[in-house]
Amino acid sequence: MKNKAYAKTLAIASSICLFLDFIYCAVSLYRHIETAQFNLILGLCLYALRGLFGLGACVCMIMLALSFGKRSDYDFKRLSILNVFPLLWSMLNGFFLLVDFEQKTDFESIVYYITVFSSIIGLYCFALGFDRNDRVGSKGTLCFVFYGSIGVLNFICCLLEKNSVYERLVPSAAMMMCGLLLLTVGVDAVMKTLNNKRS
């Protein structure tokens, strides 16, 4: 019960961070239009889609928090197509890295790369919860543990890196909260499985 309350809190926090990312994308979209760079169309499409997917992911996390009721399982089925939005949002973050012309090879950037691509794998496993109509599989749990741990490390690196803190703080916070949420769901699923085996 405590794990479920904690997961509900993380789902709400994730929705807030994703909404802030939506605002961040809207502001970045406006700034991108002002600068009128040569890749204007690509930038407009990327920011618009990421903001749209971020808003959909925000709604998904709110619905996920509401589904944490008195039931014994996490009701992924109630989320329907909303399960896909966090995955699409994470994939857009990955695409932003691929089109970044000023790529760095320092430790913080490497951690950020790992966070983004591990989030794609973790949120893909999360989205599969709807199709399989179950809580979390063993492979999904390992992905959640890895994604949650890397997400926390990435957020700490983002806070310590003064140069890019404004550019990465909001998306890093959203990724970290989603990672912690999936980590909690995975740990809770393992605990329930162990308890069922003992009984």
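Residues numbered from 1 in each chain as written. Predicted model: local features only at pLDDT ≥ 70, side-chain atom pairs only at ≥ 80, totals over all residues. Heavy atoms only, no water.

### Quick notes on the packing of aromatic side chains
What characterises a pair of aromatic rings is the spacing of the ring centres plus the angle enclosed by the ring planes. Applicable threshold: Classification of ring pairs rests on two measures: the distance between centres of Phe, Tyr or Trp rings, Trp counted by its six-membered ring, which must be within 6.5 Å, and the angle between planes, read as stacked under 30 degrees, edge-to-face over 60 and tilted in between. Runs of E in the DSSP output that reach at least two residues are strands. Runs of H or I that reach at least four are helices, and both are numbered from the N terminus. When a residue's accessible area, from a 1.4 Å probe over protein chains only, is under 20% of the maximum for its type it is buried; when over 50% it is exposed; and in between it is partly exposed.
Taken as a whole, this structure holds three aromatic pairs when the rule is applied. Where Phe-19 meets Phe-22, the ring centres are 5.9 Å apart and the plane angle is 35°; that geometry is what we call tilted. Residue Phe-19 and its partner Phe-22 are located together in helix 1 (residues 2-35), separated by three residues, close to a single helical turn. Overall, Phe-19 belongs to the partly exposed group, its relative accessible area being 37%.

### Observations regarding helix 3 (residues 84-98)
Selection rule: Every helix has an expected span of 1.5 Å times one less than the residues it contains.
Taking 1.5 Å per residue, 15 residues should reach 21 Å; helix 3 reaches 21 Å between its end C-alpha atoms and fits that length. If you check which residues of helix 3 are buried, you get Pro-86, Leu-87, Trp-89, Ser-90, Leu-92, Asn-93, Gly-94, Phe-96 and Leu-97.

### Re the confidence of the model for the protein
Let me state the cut-off plainly: What pLDDT conveys is the predictor's confidence in a given residue, as a value from 0 to 100.
Mean pLDDT over the protein works out to 79, with 76% of the residues at or above the 70 mark. Averaged pLDDT values for the elements of the protein fall to 77 in helix 6 (residues 165-198) and rise to 87 in helix 3.

### Concerning the nonpolar core
Where we set the bar: By nonpolar core we mean a set of buried residues, namely Ala, Val, Leu, Ile, Met, Phe, Trp, Tyr and Cys, connected to one another through side-chain atoms within 4.5 Å.
Leu-18 and Leu-181 are the most contacted members of the largest nonpolar core, which totals 40 residues. Listed by contribution, the elements that provide at least two residues to this core are helix 1, helix 2 (40-67), helix 3, helix 4 (107-132), helix 5 (138-160) and helix 6. With 11 residues, the single largest contributor to this core is helix 6.

### Overview of the pattern of salt bridges
What counts, and what does not: Salt bridges are identified by distance alone: a Lys or Arg side-chain nitrogen within 4 Å of an Asp or Glu carboxyl oxygen.
If you walk through the whole model with that rule in mind, you get one salt bridge. Close ionic contact of Arg-50 with Asp-21 constitutes a salt bridge, the shortest N to O distance being 2.8 Å. With Arg-50 in helix 2 and Asp-21 in helix 1, this pair connects stretches of sequence that are 29 residues apart. Residue Arg-50 is classed as buried on the basis of its relative accessible area of 4%. Residue classification places Asp-21 among the buried residues on the basis of a relative accessible area of 0%.

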